[in-house]
Each structure stands twice: as C-alpha cells, then as structure tokens.
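Per-entry structural report
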Amino acid sequence: MEITRTEEKGIRLTRIDPVCAELLRRVPASADPSGSDAAQQRIFSAPTDDSGEEQFARDWQEFVEPELAKLFQSALQIIEGDLKKLRVDAISGEGTMSVANDHLESWVHGLNQARLVLTERHKLQEQDLERSPPLAADPRTFLFAQMRFYADLQGVFLHVLEGP
Amino acid sequence: MTETVVEQETKSSSAVDAPWNVVVHNDPVNLTTYVTHVFQKVFGYSRTRAQKHMLEVHHRGRSIVWTGARERAEAYVEQLHGYLLLATLEKSE
C-alpha cells in the first residue's frame, strides 16, 4: 500500500492489496465494543478513582458517556463514508481511496478505538503488543497483523495531521 | 443565624475552589505520538511540554497534566476521555 499526501485535499491510499483493504473495512466493526464488558469499560473509563466521588461518577455515566458515545460514533461514520469510496481495480485487485484533511482526526480516533477494543476483546497483554514479528504458530497472528497495521496507519495519519 | 449561613457558603465555595488534578494514566495501547498529540490539542501545550507529560505517563504510570478549578478539570477529563485516554480527576494535596 502506498500513502501519498495530496496538496490541500488530504491523503491518498493507492495499491491497497486485498488484505489491507479487508483490514481497512474492518475498522468500524473492530472499534465497536458491543458484547465485551472489558471493551466497554475501557472505552467508557471511570473519571475518578475516589470512592468519595460516587455521585460524580454516576452523573458522568448518565450525562457525559452518552455524549462521548455520540462523538465516537460520528468518527466511525466518517470512516464508513470514506470506506464506501474505496475502489478496487478488477484486474490488479488493488484498491484506492482518499482521506480528506478534515477526516484525518476521525481516522486517528477510529484506529485508536479499534486497537483498544481489540486489545480488551482478545485479552491481549503488553508483551503481545510488543512482540515483533509475531510468532507464526500463534493463532492470533492475523490479529497482531491487524493491530500493527492500525498502529502504523494511525502513526502516518498523525504525522500528516501535525505537518512538517 | 445569618452568620451560620455565610459560614456554610464560604466553606462550600472553598471546597469547589480547592485545586484539582487532572491525572492521565498509562495505557500500553495508546501510541506515544498520539498521547503527545492529544496533550497539545487539549491543553495547548508545546510539543516539549506535551512530550514531558507523555514520558512521565509512560515511565511512571501517571502524570498530573493540569491542576486548577474543579469545573475546568472536569471539562479536561471529559475531553481526554473523548480521545480515549485514561484520565481521572483527583483532589490536589
């Protein structure tokens, strides 16, 4: 896959092979914490460790978390919109897509959320994240590749966001 | 009677005005570059200051990234949660 910064418009991803295309398409679903209590708790973490702040924590759950959920959902919707424009060449099988400058923050967020949810859902440990390259015999090899791909892409998008 | 009311108000006011810390906790998943980026975005810190806090989180497990009034501290914690950082509010000692 090649990533090119385009003047003013954002970035362009070209020569996206079928595996990378599939990993890109999986970002929104991977970022969904539904069905995993651990992932839910990580995405909506407690705002205080103080046991004397129970009311604050309750108010947070009631008023703040729904707003955060909307914020997270809007980022994933932007990603889904960009993914609908992913075009695959019928002959080469390689894909092309663009990400506008004002969508980069959403992608950085979505990729981060996906990595956090995958980590909790699959109970990955810190040493799992640092293992490079992953053991070929490990049944989670594809998962590690997914995590690495998302981290690399997030790093590139962050680099573009921050400019020279 | 009037004096008691004034005293209570003063006490309540000082409790709210007492400084509060915004603490960010370590998370092995968040990229160091991402954490630095978030500190710059949320607090307007220079890259150097943001990196200092990021490194403190990374090596010590936590960093007090801001201290001040409760209401503003809550708003910062909310923003940091919006970026999926592990952030909490705690009374400053």
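Computed from a predicted model, the values in this text were never measured in an experiment. (Residues numbered from 1 in each chain as written. Chains lettered and ligands numbered in written order. Predicted model: local features only at pLDDT ≥ 70, side-chain atom pairs only at ≥ 80, totals over all residues. Heavy atoms only, no water.)

Quick word on the overall build of chain B
Which entries qualify depends on this criterion: In DSSP terms, a helix is any run of H or I states spanning at least four residues, a strand is any run of E spanning at least two, and both are numbered starting from the N terminus. Categorising residues by exposure relies on relative accessible area from a 1.4 Å probe, with only protein chains included: less than 20% of the type maximum marks a residue as buried, more than 50% marks it as exposed, and the intermediate range marks it as partly exposed. It only takes one pair of heavy atoms within 4.5 Å for two residues to be counted as in contact. In these tables, accessible area is a Shrake-Rupley quantity obtained with a 1.4 Å probe, and a residue counts as shielded only by the protein chains included in the view.
Regarding its fold elements, chain B presents four helices and three strands. Within chain B, the fraction of its 93 residues that count as buried is 43%. Taking the intrachain contacts of chain B between residues at least 6 apart in sequence as the baseline, contacts between residues at least 24 apart amount to 68%. Total accessible area computed for chain B in this model is approximately 5,300 Å², and 51% of it derives from carbon and sulfur atoms.

Some remarks on unusual backbone geometry
With phi around 50°, A:K123 is a residue other than glycine that occupies positive phi space. In this structure, A:K123 sits in the loop between α5 (104-121) and α6 (126-130). On the basis of relative accessibility, which here comes to 65%, the residue A:K123 falls in the exposed class. Positive phi is not limited to glycine here, since B:L84 has a value of about 65°. In this fold, B:L84 is placed in the loop between α4 (70-82) and β3 (87-91). Judged by relative accessible area, B:L84 falls into the buried class, the value being 1%.

Concerning the nonpolar core
Across soluble globular proteins, nonpolar side chains show a tendency to be buried alongside one another. Condition: Grouping buried Ala, Val, Leu, Ile, Met, Phe, Trp, Tyr and Cys residues that are joined through side-chain atoms within 4.5 Å yields what is termed a nonpolar core.
Core analysis: the largest hydrophobic core is formed by 68 residues, its most contacted members being A:L24, A:W107, A:F157, B:F39, B:F43 and B:L80. Ignoring anything within four residues of it in the chain, the contact list for A:F157 reads A:I11, A:L13, A:V99, A:L104, A:W107, A:V108 and A:L111.

Overview of α5(A)
The condition is simple: How far a helix is expected to stretch is found by multiplying one less than its residue total by 1.5 Å.
When the terminal C-alpha atoms of α5(A) are compared, their 25 Å separation across 18 residues agrees well with the 26 Å that a helix rising 1.5 Å per residue should span. Once α5(A) ends, the next one or two residues include A:K123, with phi positive near 50°.

A few points about the interface of chain B and chain A
The condition is simple: Buried area is understood as the total, over both parts, of accessible area removed when two parts are fitted together, assessed with a 1.4 Å probe. Every case where a carboxyl oxygen of Asp or Glu lies within 4 Å of a side-chain nitrogen of Lys or Arg is listed as a salt bridge. Under this definition, polar contacts are N or O atom pairs within 3.5 Å; protein pairs additionally need one hydrogen-donor-capable and one acceptor-capable atom, and for neighbouring residues in sequence, both atoms have to be side-chain atoms. Polar here means any residue outside two lists: the nonpolar Ala, Val, Leu, Ile, Met, Phe, Trp, Tyr, Cys and Pro, and the charged Asp, Glu, Lys and Arg; Gly therefore counts as polar.
Opposite the 26 residues of chain B that make contact, chain A presents 30 residues. Contact with chain A buries area across many residues of chain B, yet B:V29, B:H81 and B:L84 alone supply 28% of it, more than any other trio. For the pair chain B and chain A, the interface holds four salt bridges. Salt-bridge contacts for A:E162 lead to B:R47; the nearest nitrogen and oxygen are separated by 3.2 Å. At the junction of chain B with chain A, the criterion picks out 13 residue pairs in polar contact (both at pLDDT 80 or more). Among the elements of the structure, β1 (20-25), α2 (32-43), α4 and β3 of chain B are those that each provide at least two residues to the side of chain B that touches chain A. Among the elements that take part in the side of chain B that touches chain A, α4(B) stands out by supplying six residues, more than any other. Looking at the side of chain B that touches chain A, its residues break down into 12 nonpolar, eight polar and six charged.

A few points about the sheet that holds strand β2 (residues 62-68) of chain B
Strands pair in a sheet through their backbones, by hydrogen bonds, and they do so in one of two ways: parallel or antiparallel. Residue and element names in this part refer to chain B. To keep things clear, this is the line we draw: A pair of strands is labelled paired if DSSP reports no fewer than 2 bridges between them. For helices, the fitted axis covers only the stretch in contact; all axes are lines through C-alpha atoms, and the angles between them, taken along N-to-C directions, range from 0 to 180 degrees.
Sheet architecture is open: three strands sit in the order β2-β1-β3, paired in antiparallel fashion. Edge positions in the open sheet fall to β2 and β3, since each of these has one partner strand only. Strand-to-strand, the axes of this sheet are offset by a mean angle of 30°, without reference to chain direction. Pairing analysis gives five bridges linking β1 to β3, with the strands arranged antiparallel. Among the inter-strand pairings, V24 is bridged to a residue of β3, identified as A87. Strand contacts of helix α3 (residues 47-60): β1 and β2, with the helix running at about 135° to β2, the strand carrying the most contacts.

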